Amino acid sequence: MNSRTTPFDDLDRKIITALMANARTSFAEIGAAVGLSATAVKRRVDRLRETGVITGFTATVQPSALGWRTEAYVEVYCEGAAPPRRLAEVVRNHPEITAAMTVTGGADALLHVRATDVVHFEAVLERIRQEPFIRKTISVMVLSHLLPESPEAGATHPAPDDASDLR
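Residues numbered from 1 in each chain as written. Predicted model: local features only at pLDDT ≥ 70, side-chain atom pairs only at ≥ 80, totals over all residues. Heavy atoms only, no water.

A. Spatial organisation of the pattern of salt bridges. On inspection of all chains with the given rule, the structure shows 10 salt bridges. Among the salt bridges present, the one from glutamate 89 reaches arginine 86, with a minimum N-O distance of 3.4 Å. In this pair, glutamate 89 and arginine 86 are both assigned in helix H4 (residues 84-92), 3 residues apart and thus about one turn of the helix distant. Note that arginine 127 is salt-bridged to glutamate 96, the shortest N-O span being 3.0 Å. You can see arginine 127 sitting in helix H5 (residues 118-129) and its partner glutamate 96 sitting in the loop between H4 and strand E2 (97-102), a full 31 residues away along the chain. A residue is classified by how much of its surface remains accessible, and arginine 127, at 22% relative accessible area, is partly exposed. Overall, glutamate 96 belongs to the buried group, its relative accessible area being 0%. Salt bridges sharing common partners tie together Asp9, Asp12, Arg44 and Arg47. (Salt bridge = Lys/Arg side-chain N within 4 Å of Asp/Glu carboxyl O. Helix = DSSP H or I, 4+ residues; strand = E, 2+ residues; numbered from the N terminus. Buried < 20%, exposed > 50% of the residue type's maximum accessible area, 1.4 Å probe, protein only.)

Right, here's the structure in full:
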């Protein structure tokens, strides 16, 4: 976020809530719901974007429609202390990793992986394990989403066309 402090009020929260529910909602519709003009909503949205509160707008798509039919979470255990910056470099090299975070507990990181199928997932897992500082991984395959409307249930980019080459 931008370093300068920006007032964030209840109207901003209502605008953000409306955009999170449907980013295609018009400023006029949001304004009618929160008691502002479309122009005032636009000014607030522009300010929220400028200050980094709103970081973007995206479409949520059914992953299988894009070729992602297999999904797993992978706990990563590192030798010694692997700095988060180094872990971030590694995960950026794997387009199948859709989210990654350092975590508390036994694991050093948790990866959200999408693959075209189990064979592709296994190839991704082997590539991750080839990193010299990774000691072990523990994988958990996703069977179904209990909250299908959550962002985690959707995909943000299509499966690679050359996924078969990754096997």
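B. Spatial organisation of the sheet that holds strand E3 (residues 109-115). Ordered by their spatial adjacency, 4 strands build an open sheet running E2-E3-E1-E4, and the pairing between neighbours is antiparallel. Single-partner strands in this sheet number two, and they are E2 and strand E4 (134-141). Going across the sheet, the axis of each strand differs from the next one's by a mean of 20°, ignoring polarity. Pairing of strand E1 (residues 70-78) with E4, which is carried by 7 bridges, proceeds in the antiparallel orientation. Within the sheet, the bridge partner assigned to valine 76 lies in E4 and is threonine 137. Along the sheet, H4 makes contact with E1, E2 and E3, crossing E2 at roughly 170°. (Pairing = 2+ DSSP bridges. Axes fitted to C-alpha atoms, helices over the stretch in contact; angles between N-to-C directions. Contact = heavy atoms within 4.5 Å.)

C. Layout of the confidence of the model for the protein. Averaged over the protein, the pLDDT score is 88; the fraction of residues at 70 or greater is 89%. Within the protein, the element-level pLDDT minimum falls on H4, averaging 89, and the maximum on helix H2 (residues 27-34), averaging 97. (pLDDT = per-residue confidence, 0-100.)

D. Spatial organisation of the layout of surface pockets. Put simply, the largest pocket is a space of about 820 Å³. In terms of lining residues, the largest pocket is bounded by 28 residues, among which Met20, Thr58, Ala59, Thr60 and Pro151 are the most central. Elements that contribute at least two residues to the lining of the largest pocket include exactly helix H1 (10-21), E2 and E3. With 4 residues, the single largest contributor to the lining of the largest pocket is H1. Within this model, the second largest pocket holds a volume of roughly 220 Å³. For the second largest pocket, the lining is made up of 14 residues, of which Gln62, Pro63, Glu71, Arg114 and His145 are closest to its centre. Across the lining of the second largest pocket, the residue classes break down as 6 nonpolar, 5 polar and 3 charged. (1 Å grid on protein atoms, 1.4 Å probe; cavity = no way out; pocket = protein on both sides within 12 Å on 5 of 7 lines; lining within 4 Å. Points joined across faces, edges and corners; volume = space filled by probe spheres on them. Nonpolar A, V, L, I, M, F, W, Y, C, P; charged D, E, K, R; others polar.)

E. Geometry of the environment of leucine 87. Mapped onto the fold, leucine 87 is located in helix H4. Leucine 87 sits in the buried class, given a relative accessible area of 10%. Each C-alpha atom, one on leucine 87 and one on threonine 102, is 8.6 Å from the other, the two residues being 15 residues apart in sequence. Ignoring anything within four residues of it in the chain, the contact list for leucine 87 reads Cys78, Ala82, Thr102, Ala109 and Phe133.

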